[in-house]
Amino acid sequence: MIDVKTLTRLTPEQREHWDTQGYLVLPGVLSPDEVTRLSEAVDRVDEASQRAGRSADEWLSTLNVIEEDEAFLDLIDHPNHLGIVMDLMGATIQLLASQVMVRPPTPHPGSRWHYDGPKPYPFPSAGGLTPLLHLKIGWFLTDVDAPDMGNFLLIPGSHRGNFPREDANAEVLASPSRFQEVDEIDAGVPGAKQLLLRAGDAMLFHNALWHSVSRNTSNVRRKNLFYVYSPIWMRLGDRVASSPELIARADPVRRQLLGVLDHDPAGVHPTDADAPLIRLWEGKGYDDVWVDEVMKYIGVDGT
């Protein structure tokens with residue numbers, strides 16, 4: 001089981017950037033050996049998909065990959081991101097979904113502009129702000145260090161607002177069926193930014209942040225993984241339940257992250273047995289943390 005003392009924590013500067021910009025970049029969080037191991041696992045998923053009939057020139061998006069390879073499973077509680085996730089979401093978290101992506105060269109944008117969450121109705125907002133319910137992490141296994149390499153695109157700060165309304169072409173840029181009518185999905189979009197990343201870098205973003213994917217005019221097949229963390233009371237996104245074989249060999253923390261809830265299946269009032277990360281992370285159990293949070297909610301300092 002993990003030692004929480006070894007987990008990387010959110011710095012005050014990162015907290016401010018997250019709050020104002022809606023995303024974080026974590027340079028070099030994967031070692032070269034980890035990049036190689038994960039890249040080879042992605043290649044196996046890619047090759048299996050091609051054997052099943054997918055063209056090598058087509059975009060690959062495969063969900064629920066944690067049981068495809070041990071390398072993917074080992075990433076769910078990696079010490080260079082798990083503490084940061086808990087600093088942002090608290091300790092009652094689970095892995096909602098896991099995804100392998102391969103984006104071959106293409107002259108067309110890789111995605112429309114969108115936010116993450118349920119469809120067709122988004123997460124409800126309060127006072128114009130959408131809460132953090134999906135925290136997505138992307139690990140990049142190839143260099144994407146120049147524009148138009150299938151880069152992740154975002155509009156910093158848009159999790160606190162919306163898609164720039166002054167863009168006259170917004171209906172096309174955000175349309176699931178029409179976005180490929182344009183060559184450059186970020187052209188003319190105020191504040192749009194292509195992230196330049198290296199193999200081994202990771203990025204995290206808020207579910208309400210508007211984002212997209214640039215065209216890939218390079219000769220590089222962009223390979224990366226996306227994992228989504230959420231509160232444990234949310235329904236798992238890419239599987240109903242993990243396999244008995246996977247659960248049997250998981251330690252208590254991984255059981256929590258895999259969505260195993262023996263005592264409170266709804267996850268609304270998790271016990272210490274269901275959510276060991278609470279005591280490991282907070283240094284106290286569910287009941288004490290609950291009291292603390294109630295006091296914060298009603299504006300009382302201390303308990």
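Residues numbered from 1 in each chain as written. Predicted model: local features only at pLDDT ≥ 70, side-chain atom pairs only at ≥ 80, totals over all residues. Heavy atoms only, no water.

Peer 1: Break down the nonpolar core for me, citing the residues and quoting the values.
Peer 2: Grouped together as the largest cluster of nonpolar side chains are 56 residues, with contacts concentrated most on Phe72, Leu225, Tyr227 and Tyr229. Take this core: its biggest share by element is 6 residues, from helix H4 (residues 82-89). Judged by nonpolar contacts, the second largest core, of 13 residues, contains Phe140, Val144, Phe152 and Leu209. (Core = buried A, V, L, I, M, F, W, Y, C linked by side-chain atoms within 4.5 Å. Buried < 20%, exposed > 50% of the residue type's maximum accessible area, 1.4 Å probe, protein only. Helix = DSSP H or I, 4+ residues; strand = E, 2+ residues; numbered from the N terminus.)

Peer 1: Give a detailed account of the pattern of salt bridges, specifying residues and quantitative values.
Peer 2: Think of it this way: side chains of opposite charge can pair up when their charged atoms draw near. Taken as a whole and judged by the stated rule, the model has 21 salt bridges. Note that Arg198 is salt-bridged to Asp143, the shortest N-O span being 3.2 Å. Here Asp143 lies in the loop between strand S5 (135-140) and strand S6 (152-154) and Arg198 lies in the loop between strand S7 (193-194) and strand S8 (202-206), a separation of 55 residues in the sequence. Assessed through its relative accessible area of 46%, Arg198 is described here as partly exposed. We classify Asp143 as partly exposed; its relative accessible area is 29%. Two residues, Arg198 and Asp145, come together in a salt bridge whose shortest N-O distance is 3.6 Å. Pair noted here: Arg198 is in the loop between S7 and S8 and Asp145 is in the loop between S5 and S6, with a separation of 53 residues, a long-range link. One network of salt bridges, in which partners are shared, links Arg37, Asp74, Asp77 and Arg254. (Salt bridge = Lys/Arg side-chain N within 4 Å of Asp/Glu carboxyl O.)

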